[in-house]
Amino acid sequence: MFFVLSKLITFLLSPIFWIVLFFAIGYFTRRKRLKKISYGISLATFLLFSNPFLLDRFARWWDAKETTLPPGGKYSCAIVLGGFVSEDYHGHGYFNSTSDRFIQLIKLKAEGKVSHLLISGGNAKLLPTDFRESDWVATQLKDFNIPDSDIIIENRSRNSYENAVFSKKLLDSAHLSPPFILVTSGYHMRRALATYKKMGVDVIPYPCNYIAGKGKTEIEDFVPSLSSLGTWYYYIKELVGYAVYSFKKK
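So, here's what we can say about the structure. Note that the structure is predicted; figures quoted are calculated from it, not measured.

### Looking at the overall build of the protein
What the protein contains, in helices and strands, is 9 helices and 7 strands. C-alpha extents for the protein along the principal axes are approximately 70 × 40 × 40 Å. Here the protein holds 250 residues, and the buried ones make up 46% of them. Taking contacts inside the protein between residues at least 6 apart in sequence as the whole, the part at least 24 apart equals 73%. Just so you have it, the protein exposes about 13,700 Å², and 62% of that area is on carbon and sulfur atoms. Here the protein holds 32 positive side-chain charges and 21 negative ones, and the gap between their average locations is 12 Å.

### Topic: the nonpolar core
Of all hydrophobic cores here, the largest spans 23 residues; its most connected members are Leu108, Leu117, Ile119, Val137, Leu141 and Ile181. Those elements that provide at least two residues to this core are β1 (75–81), α5 (100–110), β4 (114–120), α6 (133–141), β6 (180–185) and β7 (203–208). Tallying contributions element by element places α5 first for this core, with 4 residues. Ile119 has contacts with Val80, Leu105, Ser134, Val137, Leu141, Ile151, Ile152, Ile153 and Glu154, leaving out every residue within four places of it along the chain. Grouped together as the second largest cluster of nonpolar side chains are 22 residues, Val165, Phe180, Leu182 and Leu193 included.

### Observations concerning the sheet that holds β7
Read across the open sheet, the 5 strands follow the order β5-β4-β1-β6-β7; overall the sheet is parallel. Both edges of this open sheet fall to β5 (151–154) and β7, since each of them pairs with a single strand only. Geometrically, the sheet is characterised by an average inter-axis angle of 20 degrees between neighbouring strands, direction not taken into account. Contacts from α6 reach β4 and β5, with the element oriented near 160 degrees to β5.

### Points about the pairing of β4
Residues in a regular strand point their side chains to alternate faces of the sheet. Of all 7 residues making up β4, 6 are buried, and the element is well covered by its neighbours. Where β1 lies against β4, 6 bridges are found, and the strand directions are parallel. Paired with Leu81 across the two strands is Ser120, which belongs to β4. Pairing of β4 with β5, which is carried by 4 bridges, proceeds in the parallel orientation. Opposite Leu117, over in β5, you have Ile151 as the bridge partner. On the question of chirality, the crossover connecting β4 to the parallel β5 by way of α6 is right-handed.

### Digging into the pattern of salt bridges
For the structure on display, the rule yields 6 salt bridges. Measuring nitrogen to oxygen at the nearest pair gives 3.2 Å for the salt bridge that ties Lys214 to Glu66. Of the two residues, Lys214 is situated in the loop between β7 and α9 (226–247) and Glu66 in the loop between α4 (52–62) and β1; the sequence distance between them amounts to 148 residues. For the pair formed by Lys214 and Glu66, the shared burial category is exposed. Put simply, Asp150 and Lys109 hold a salt bridge, and the shortest N to O gap is 3.0 Å. Note that Asp150 is positioned in the loop between α6 and β5 and Lys109 in helix α5, a separation of 41 residues in sequence. Classification of Lys109 as buried rests on a relative accessible area of 17%.

### Re a nonpolar patch on the surface
There is a patch of nonpolar side chains on the surface, built from Leu5, Leu8, Phe11 and Leu12 and spanning about 350 Å² of accessible area. Overall, Leu5 belongs to the partly exposed group, its relative accessible area being 39%.

### Side note on the environment of Lys168
Residue position: Lys168 is located in helix α7 (residues 160–174). Sequence separation of Lys168 and Val201 is 33 residues, and the distance between their C-alpha atoms is 6.5 Å. If we ignore the near neighbours within four places in the chain, the residues touching Lys168 are Met199, Gly200 and Val201.

Conventions used here
Residues numbered from 1 in each chain as written. Predicted model: local features only at pLDDT ≥ 70, side-chain atom pairs only at ≥ 80, totals over all residues. Heavy atoms only, no water. Helix = DSSP H or I, 4+ residues; strand = E, 2+ residues; numbered from the N terminus. Buried < 20%, exposed > 50% of the residue type's maximum accessible area, 1.4 Å probe, protein only. Contact = heavy atoms within 4.5 Å. Areas by Shrake-Rupley, 256 points an atom, 1.4 Å probe, with all protein chains shown as cover. Lys, Arg positive; Asp, Glu negative; His and termini not counted. Charge placed at Lys NZ, Arg CZ, Asp CG, Glu CD. Core = buried A, V, L, I, M, F, W, Y, C linked by side-chain atoms within 4.5 Å. Pairing = 2+ DSSP bridges. Axes fitted to C-alpha atoms, helices over the stretch in contact; angles between N-to-C directions. Right-handed = clockwise from strand over helix to strand, strands pointing away. Salt bridge = Lys/Arg side-chain N within 4 Å of Asp/Glu carboxyl O. Patch = residues over 30% accessible without salt bridge, like charges linked within 9 Å, V, L, I, M, F, W, Y side chains within 5 Å.

This is the structure in structure tokens:
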């Protein structure tokens, strides 16, 4: 219920939903005043959320800052949160636009900063198939000659809360020493970090995959952009999740 509710709230708060909704009201209503107001709200919402400059300003405030690990430091485990792999129409996996999470995980292992890797992610679809993200990622790690003994698979979670719950159980069972490195996207780190801390897991944030707020301000940043409109979905999802998880008990 919690899983479905969070997805529903995210959809209802999506700018695209409100743009379409008020445009439809304006199109179908016969009342001139309501038509004018509805079209106005639809246009204003579009201009507000398609503005790259405003998106970047919000991202710079919300996103977790980059972390530099101390030279020579070594940790028992790096936890990477799922969402960087999608399922194709054949039921196979492929890396999507957030695959920087995987790249940073491999770098941490290659640089000798971590001894174990915990891959946390199952299937986050409302109607899940048999595909499990972390299981597929494990097959990709073999290409980098990482031994199975260094890989911990958590393939049951469907959201960030379950990532933390199931990861904690596996870490406790493996008797690995904290703190652990937590790898996820910069926009997702605030919610992920709060969730893991709430579960009592001692983690060091290692954000990556920044999707906004990193570039210099250009004239083009004041021109409406459809990509900016779409990117807001990720941030609204984080805001909803952060708010909901803050009220959720362990």
